[in-house]
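# Structure assessment
Chain by chain, the residues:
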Amino acid sequence: MCTWNNISIRKNTKDLILEMPVAPSLGFLQGPLVNLGEVLNAGMEFSIRGDIIRTPNLSWNVQMGMATLHNELISLGGLEEFGNRSARFVEGQPLGTAYVRTIRRVDGDKTIVSDTLEAGGDVMPDFEGNFQTSVTLFGSIELRGQLDWKTGFQIRNSTGEFR
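Residues numbered from 1 in each chain as written. Predicted model: local features only at pLDDT ≥ 70, side-chain atom pairs only at ≥ 80, totals over all residues. Heavy atoms only, no water.

### Details of the side chain of Arg88
In this fold, Arg88 is placed in strand β5 (residues 88-89). Arg88 gets classed as buried once you look at its relative accessible area, which sits at 15%. Among all residues touching Arg88, those that are not within four sequence positions of it are Glu81, Phe82, Gly83, Gly96, Thr97 and Tyr99. (Helix = DSSP H or I, 4+ residues; strand = E, 2+ residues; numbered from the N terminus. Buried < 20%, exposed > 50% of the residue type's maximum accessible area, 1.4 Å probe, protein only. Contact = heavy atoms within 4.5 Å.)

### Structural notes on the pairing of strand β7 (residues 103-107)
Of the strand pairs in this sheet, β7 and strand β8 (residues 110-113) are connected by four bridges, and their pairing is antiparallel. In the sheet register, Asp107 faces β8, and the bridge partner there is Lys110. Counted between consecutive antiparallel strands, the loop separating β7 from β8 contains two residues, among which Gly108 sits at a positive phi close to 65°. (Pairing = 2+ DSSP bridges.)

### Structural notes on the pattern of salt bridges
Within this structure, the stated rule accounts for six salt bridges. Of the charged contacts in the structure, one is a salt bridge between Asp51 and Arg54, with a shortest N-O distance of 3.2 Å. Assessed through its relative accessible area of 21%, Asp51 is described here as partly exposed. (Salt bridge = Lys/Arg side-chain N within 4 Å of Asp/Glu carboxyl O.)

### Let's talk about the sheet that holds strand β10 (residues 127-137)
Taken in spatial order, the five strands line up as β1-β2-β3-β10-β11 in an open sheet, and their pairing is antiparallel. Pairing within the sheet leaves two strands with one partner each, and these edge strands are β1 (2-19) and β11 (141-151). With strand direction ignored, the average angle separating the axes of adjacent strands in the sheet is 15°. As judged from the 17 bridges shared by β1 and strand β2 (residues 33-54), these two strands associate in the antiparallel manner. Counterpart to Lys11 in the pairing with β2 is Asn41. (Axes fitted to C-alpha atoms, helices over the stretch in contact; angles between N-to-C directions.)

### Regarding the confidence of the model for the protein
In this model, the protein carries a mean pLDDT of 88, and residues with pLDDT of at least 70 account for 96%. The lowest-confidence element of the protein is strand β4 (residues 82-83), averaging 78 in pLDDT; the highest-confidence one is β10, averaging 97. (pLDDT = per-residue confidence, 0-100.)

### Thoughts on unusual backbone geometry
What is expected of a backbone is that most residues other than glycine have negative phi and most peptide bonds are trans. For Asp15, which is not glycine, the phi dihedral falls at a positive 60°. Positionally, Asp15 belongs in strand β1. Phi is positive for Phe138, close to 55°, though the residue is something other than glycine. Along the chain, Phe138 falls in the loop between β10 and β11.

### Details of the nonpolar core
Of all hydrophobic cores here, the largest spans eight residues; its members are Leu16, Leu18, Val34, Leu36, Val39, Leu73, Leu76 and Leu79. Only β1 and β2 provide two or more residues apiece to this core. Broken down by element, the residue count for this core peaks at three residues, all from β2. What Val34 contacts, discounting residues up to four positions off in sequence, is Leu16, Ile17, Leu18 and Met20. (Core = buried A, V, L, I, M, F, W, Y, C linked by side-chain atoms within 4.5 Å.)

Structure follows, in C-alpha cells:
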C-alpha cells in the first residue's frame, strides 16, 4: 500500500498585532498593541508513505516528506523597523531576520567590521526534508529510524555576547 499527500499554501496575513513603540519618557512600560502590517507565507509540502513488506511476522514501511517556505514581511503599516540584533522586523525581509556586523576584512591582528547592522540570515528554513523507516517483527518488536534535514537558514550562537 502506498499513500501520498501534496499541499501548497499562499497566505497573505493582514492586520498583524504589533506593539507600537513609544518613547520611554512617556512613562509606559510597553507600547499599545495595534492591528496593522502584512506578511506573506508561501510554500508547499509533499509526503509519501509505503509498505515495502507486509506479512504476519514482518512489516517494513518507509516515509519521505519535504516542505518549502517563503516568508516575507510585506508591510509594517507605517511603523519603523524594530527589533534587536538577533531578530529585526524589516519590510522585504523574512520575519525575525538576524542583523549582524559583517566582517569586511582581516588585516594582520585587526578585524575590520561594518559600521552598521546588516541582514545576516533568515532564521526559518527555506527547505525541510525527512526520511523515516520502521521494521516490525512478530507484531511486537519495532525498530525505527529517522533522518531530518533543513537548508536555507542560519543558526546564530550568541553565547559570546553574554560573557
